[in-house]
Amino acid sequence: MISMALSLPRTQATDLPGRAVTMDEAAFNNLYHRTARPLRAYLLRSCGDLTLADDLLQEAYLRMLRSGFEGEDDDHRKNYLYRIATNLLRDHFRRAKPESNQVPERDDSTGHDEAVHLRSDVGGAMSELAPRDRQMLWLAYVEGASHQEIAKALGLRTASIRSMLFRARQRLAKQLQARDLRPQLEVS
Amino acid sequence: MSSHSQPCPYEEAVAAAVRSGDWSPELSTHRDGCLTCAELTLVVAALAADAEELNAIETPLPDPAPIWLRARLASRERDYHRATRAITWVQRAAVAVVFGIGVAFAPGLWEFVGGAFSNLSGSISAPDLPRAAGSPLLVLVVSILVLGGLALWELTAAQEN
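What you see is a predicted model; the values in this text were computed from it and never measured. (Residues numbered from 1 in each chain as written. Chains lettered and ligands numbered in written order. Predicted model: local features only at pLDDT ≥ 70, side-chain atom pairs only at ≥ 80, totals over all residues.)

What follows is about the overall build of chain B. In terms of helices and strands, chain B carries six helices and zero strands. Beginning at the N terminus, the succession of helices and strands in chain B can be written as α-α-α-α-α-α. For chain B, the proportion of its 161 residues judged to be buried stands at 17%. Taking the contacts inside chain B whose residues are at least 6 apart along the sequence as the reference set, 69% of them involve residues at least 24 apart. (Helix = DSSP H or I, 4+ residues; strand = E, 2+ residues; numbered from the N terminus. Buried ≥ 20, exposed ≤ 12 C-beta atoms within 10 Å, placed from the backbone. Contact = placed C-beta atoms within 7 Å.)

So, in structure tokens, the structure goes:
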């Protein structure tokens, strides 16, 4: 069985109706520890550099705090963070030279377990896609974001997402097949 | 697998089944016969495995404390600018008031000042000089000029900063 990587627990969002949550340091730390790891995974798979991913991660949280955004609940804050992170990635790719868009084939900082199916070669397959395709696929199939949320994060029209996602998926499937990757599923 | 697949109405159900591992026999049969769903299965499974691996990276996350501290500093800086903006507006108001008073009373003041200065002419003896210089009107005019000048100086200094 393949479990989803990110499943954020909901927290109590407000103490009084209509009253905004005050983001104190403890609340921030709490949010950070719940969301930072999957957000870093998204950034890392999108940009391919752990140091850069960590820089962008910190910048995303800093921007969220500076904006004064409090959000209604964890999902709302998570979506906002992913939107900021996506904007930061877009800025990075605009500034960076085209060749630096490539995601490294293997991330040496991770431990590779050869026994586990569909591992790091996914990174190589993803690196062959455009940054926007990577982000779209990750948001859709790892974060479980709706088409509307993806459109908001990527600055696209909701109506376009379905077909764009379909094409991006085809491209990734082609890359995965080229690497002779096959899903190993437990059918119950 | 070729790239001739078409969107399929079962996509959402298939994606959910890949995530949960809960395949009904019908869905499983459908997946085996549908190019789109087979592709979708491959992609979702690959990404889920990849996410699992990336989440398990042992490199510790950046410390959140400096992020919080930087945000607090930025917040204080914003507060400072907000506070000094109010002071700047008070200074501007002071300059405007001084200027307004000057314009409103300019003709009359000119006569009084002229008179005061004529009293300060060489004909005044040295013992009378402090009394003439301490004339209330002259003190008022000089005070307004000095305070107005100071307010103006403060204002321009604040804008330069």
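Two numbers describe how helix H1 (residues 25–47) of chain A lies on helix H3 (residues 35–55) of chain B: the axes approach to 9 Å, and their chain directions differ by 115 degrees. Taken together, the axis directions place H1(A) and H3(B) in an arrangement best described as roughly perpendicular. Considering only the axes of H1(A) and H3(B), their crossing is right-handed. On H3(B), the residues touching A:Arg37, A:Pro38, A:Ala41, A:Leu44 and A:Arg45 of H1(A) are B:Asp50, B:Ala51, B:Leu54 and B:Asn55. (Axes fitted to C-alpha atoms, helices over the stretch in contact; angles between N-to-C directions. Parallel < 35°, antiparallel > 145°, perpendicular 65-115°, else oblique. Left-handed = near helix turned anticlockwise from the far one by under 90°.)

Turning to helix H2 (residues 50–67) of chain A, a few remarks are in order. Residues and elements named next belong to chain A. Compared with an ideal rise of 1.5 Å per residue, which puts 18 residues at 26 Å, H2 spans 25 Å between its outermost C-alpha atoms and is within 8% of the ideal. For H2, the full list of buried residues reads Ala53, Leu56, Leu57, Ala60, Tyr61 and Met64. Axial view of H2: buried residues confined to an arc of 135 degrees, hence all on one face. (Expected span 1.5 Å × (residues − 1). Arc of directions from axis to C-beta.)

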